[in-house]
Amino acid sequence: MRVFMLGWEFPPFISGGLGTACYGLTKALSRRQAEVTFVLPKTIDSEYSSHVKMLSPQAPEAAFGDRSPKSVASSFQIEAPVMPGDTAESFENVSFRAVPSRLSSPYPGGGDVAARGGGESGADQPISFINPSAPAPASAGIVAEAASGDEYSEPADPPVAPDYTQGDLTVEAQRYAGLCVALAAGEDFDVIHAHDWFTFPAGLAVAQATGKPLVVHVHSTEFDRSGENGHSVVADYEAQGCREADRVIAVSRRTKTIIAERYDVPEDKIDVVYNGIDNGPARPDITIPPKIAKDDKIVLFLGRVTMQKGPEYFLRAAKRVLEKMDNVKFVVAGTGDKIQEMIEMVARAGIGPKVVFTGFLRGDDVERVFKMADVYVMPSVSEPFGIAPLEAISHDVPVIMSKQSGVSEVVEHALKVDFWDTDEMANKIIAVLRHPPLGATLREHADLEVRRLTWEGAADKCIEVYRAAATRN
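Each value, and the rule that gives it
- Residues numbered from 1 in each chain as written.
- Predicted model: local features only at pLDDT ≥ 70, side-chain atom pairs only at ≥ 80, totals over all residues.
- Heavy atoms only, no water.
- Helix = DSSP H or I, 4+ residues; strand = E, 2+ residues; numbered from the N terminus.
- Contact = heavy atoms within 4.5 Å.
- Expected span 1.5 Å × (residues − 1).
- Buried < 20%, exposed > 50% of the residue type's maximum accessible area, 1.4 Å probe, protein only.
- Arc of directions from axis to C-beta.
- Salt bridge = Lys/Arg side-chain N within 4 Å of Asp/Glu carboxyl O.
- Phe/Tyr/Trp six-rings, centres within 6.5 Å; stacked < 30°, edge-to-face > 60°.
- Lys NZ or Arg CZ within 6 Å of the ring centre and 35° of its normal.

**A look at the side chain of Thr 221**
Logical step 1: Checked against the element boundaries, Thr 221 lands in the loop between β7 (214-218) and α5 (222-226).
Logical step 2: Apart from the residues within four sequence positions on either side, Thr 221 is in contact with Glu 238, Thr 255, Ile 258, Tyr 263 and Pro 384.

Quick look at the structure:
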C-alpha cells in the first residue's frame with residue numbers, strides 16, 4: 001500500500017498530540033511495509049538540521065516554473081533518531097516533503113508550536129498562527145499558478161496575521177492545496193490520507209486531480225477546540241472534507257458522533273481508530289531533579305493552556321485541594337492563549353506559591369516532569385482522544401481524566417470526573433495523594449490496558465480503511 005499523507009507536523013515539529021499521533025502511526029505503517037510519502041506544510045528550520053537532511057524534491061520542476069523547486073517544496077529524510085528507540089530502519093519506507101505555509105499551528109487563536117520528542121506541551125515562543133520565515137500568499141490565484149506550472153512568486157511585504165473575516169485563511173488553504181497537487185504529480189501512490197482540517201482542501205484537490213481515494217483523519221473538531229464560537233471557515237473545511245472523502249477516520253466514538261451529527265456524515269462512512277503509544281522501555285538516563293520540597297506531592301497538568309483543555313478547572317480544583325492539604329504543588333506545563341488569564345487567576349485565588357507554570361517543556365524535561373508527578377490530571381472540556389494520559393500511565397503515574405474525552409472509552413483504570421465538577425476532581429486528587437494503595441492499583445491495571453493500545457494496531461486498522469476507501473472509489 002502506497003500512501004500520500006498530508007499532515008500538520010512531525011517530530012521535531014510539534015504543536016501538540018497531532019504530531020505525536022502522526023509520528024507513531026507513520027512509523028507503524030512503515031513497519032507494516034506501507035510506503036508513505038509524508039507532506040508537511042512547513043519550512044524546515046536550520047535549528048533542527050541535526051534531525052533532518054534536506055534533499056531535492058521528486059515533484060517535477062515544471063510544476064514550479066523557473067524557480068528552483070527546492071525553494072517551494074523541499075524534501076527531507078530522518079538523519080538521526082528523533083525519539084528514543086528509533087533506529088535507522090524506523091522510517092525506511094517513509095519519505096518526507098515540506099511545503100511552505102504561513103500557518104504555523106493547526107489551532108487558530110489558541111495553538112502553540114513546540115519542538116520536542118513527543119506528547120503534548122506548550123511552546124517556548126509567543127502564541128502565533130504565522131510562520132514568519134514562510135512566504136505569504138498574494139492572492140487565491142496562486143493555486144492555479146502552482147498547479148499549472150507557472151512561476152510561484154513571493155510577495156515583497158512581510159507576512160501578517162491572517163484575517164479570518166477577510167478570507168486570508170481560505171487563500172492560504174487554497175495555495176497549499178495547489179502546491180500539494182503539483183507535488184503529487186511526481187509521486188506514485190494508492191490512497192491519500194489527510195490529517196485534520198487544513199489539509200482537507202489539499203486532500204480533496206489531490207484526489208480530484210489524480211482520481212485516487214481520499215481518507216480524512218479527524219483528530220479534533222472545531223467544536224472541540226472552540227465550542228459554539230469557533231471559526232466558521234475551519235468548521236466548513238472539516239465538514240466538506242468529511243462529506244466528500246471516501247472514508248473518515250475518527251479518533252474516538254465521541255468524535256465519530258460529533259462528525260455524524262454536526263457535519264451530517266453517515267455513520268457507516270466513519271471508522272474509529274484509537275491512538276496508540278510506543279510502549280518502549282523506561283529511559284534510564286533521565287534523572288529526577290530534587291522536588292520543590294522534600295515532602296511535596298506533585299499534581300501535573302501537561303497540555304495546551306486553552307479553553308479546550310480546561311486549565312481553569314484544574315486550578316479551581318487546586319484551590320479546593322490546598323484547603324485540605326498543604327504539602328502539594330500544582331505544575332502547569334505548557335502554554336496557550338489562556339496562560340496570562342490562568343496566572344492572574346492563581347494570583348487572585350491566593351495560591352501563587354503552590355502553583356508552578358513551567359512554560360514550554362522540551363524532550364527530556366517532559367520525561368522528568370512525569371517522573372516527578374504523583375498524579376496527572378486531564379480536565380479537558382472536550383477531548384477527541386487525549387494521548388497525554390497514555391504517556392502519564394506509561395511513566396507509571398496515576399491518571400485522573402475528564403469524562404468528556406475519547407481516551408476514557410479505552411482506559412478503565414483511571415479516575416474519571418466531569419470537567420466542571422471541580423469539587424469531585426479535588427476529592428479524587430486527595431484520594432490518590434493520601435492513599436498510596438489506590439495509586440498503585442491504578443498504575444498497575446492501567447499499564448496493562450495501555451500496552452494493548454499500540455500504533456501497530458492503529459496502523460492495521462488504517463490499512464483496512466485504505467482498502468475500504470479504494471473499494472468505494
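**Regarding helix α14 (residues 455-472)**
Logical step 1: A rise of 1.5 Å per residue sets the reference length of α14, with its 18 residues, at 26 Å; its end C-alpha atoms lie 25 Å apart and thus fit the reference within 8%.
Logical step 2: Taken residue by residue, α14 has Trp 455, Glu 456, Ala 458, Ala 459, Cys 462, Ile 463, Val 465, Tyr 466 and Ala 469 as its buried positions. Buried residues in α14, looked at end-on, bunch into an arc of 170°, giving them a common side. What points out from α14, more than 90 degrees from its buried face, is the exposed set Glu 464, Arg 467 and Thr 471.
Logical step 3: Looking at the buried positions of α14, the neighbouring elements they touch are β1 (2-6), α1 (17-31), β6 (191-195), β7, β8 (247-250) and β9 (270-272).

**Side note on unusual backbone geometry**
The phi torsion of most residues other than glycine is negative, and most of the peptide bonds are trans.
Logical step 1: Look at Gln 33: it is not a glycine, yet its phi comes out positive at around 70°.
Logical step 2: As for its placement among the helices and strands, Gln 33 is situated in the loop between α1 and β2 (35-40).
Logical step 3: Backbone geometry at Asp 264 places phi at a positive 55°, although glycine is not the residue there.
Logical step 4: By the element assignment, Asp 264 lies in the loop between α7 (253-263) and β9.

**Digging into the side chain of Ser 30**
Logical step 1: By secondary structure assignment, the location of Ser 30 is in helix α1.
Logical step 2: Setting aside its immediate chain neighbours within four residues, Ser 30 contacts Ser 90, Phe 91, Glu 92, Asn 93 and Val 94.

**Some thoughts on the pattern of salt bridges**
Logical step 1: Within this structure, the stated rule accounts for 18 salt bridges.
Logical step 2: Note that Asp 460 and Arg 32 form a salt bridge whose closest N and O atoms lie 2.7 Å from each other. Residue Asp 460 is found in helix α14, and its partner Arg 32 is found in the loop between α1 and β2; the two are separated by 428 residues along the sequence.
Logical step 3: According to the relative accessible area criterion, Asp 460 is partly exposed, its value standing at 32%.
Logical step 4: Judged by relative accessible area, Arg 32 falls into the partly exposed class, the value being 37%.
Logical step 5: In this structure, Glu 383 engages Lys 309 in a salt bridge whose closest nitrogen and oxygen atoms are separated by 2.9 Å. Of this pair, Glu 383 sits in the loop between β13 (375-378) and α11 (388-394) while Lys 309 sits in the loop between β10 (297-302) and α8 (311-322), and the two are 74 residues apart along the sequence. Pair check on accessibility: Glu 383 and Lys 309 agree, each one buried.
Logical step 6: Among the charged side chains, a salt-bridge network with shared partners connects Arg 2, Asp 188 and Asp 190.

**Points about the packing of aromatic side chains**
For any pair of aromatic rings, the description consists of the separation of the ring centres together with the inter-plane angle of the planes.
Logical step 1: By the definition in use, this model includes 13 aromatic pairs.
Logical step 2: Among the aromatic residues, those joined into a ring-pair cluster are Tyr 23, Phe 38, Phe 91 and Phe 96.
Logical step 3: The cationic tip of Arg 262 hangs over the ring face of Phe 223; the distance from NZ or CZ to the ring centre is 4.1 Å.

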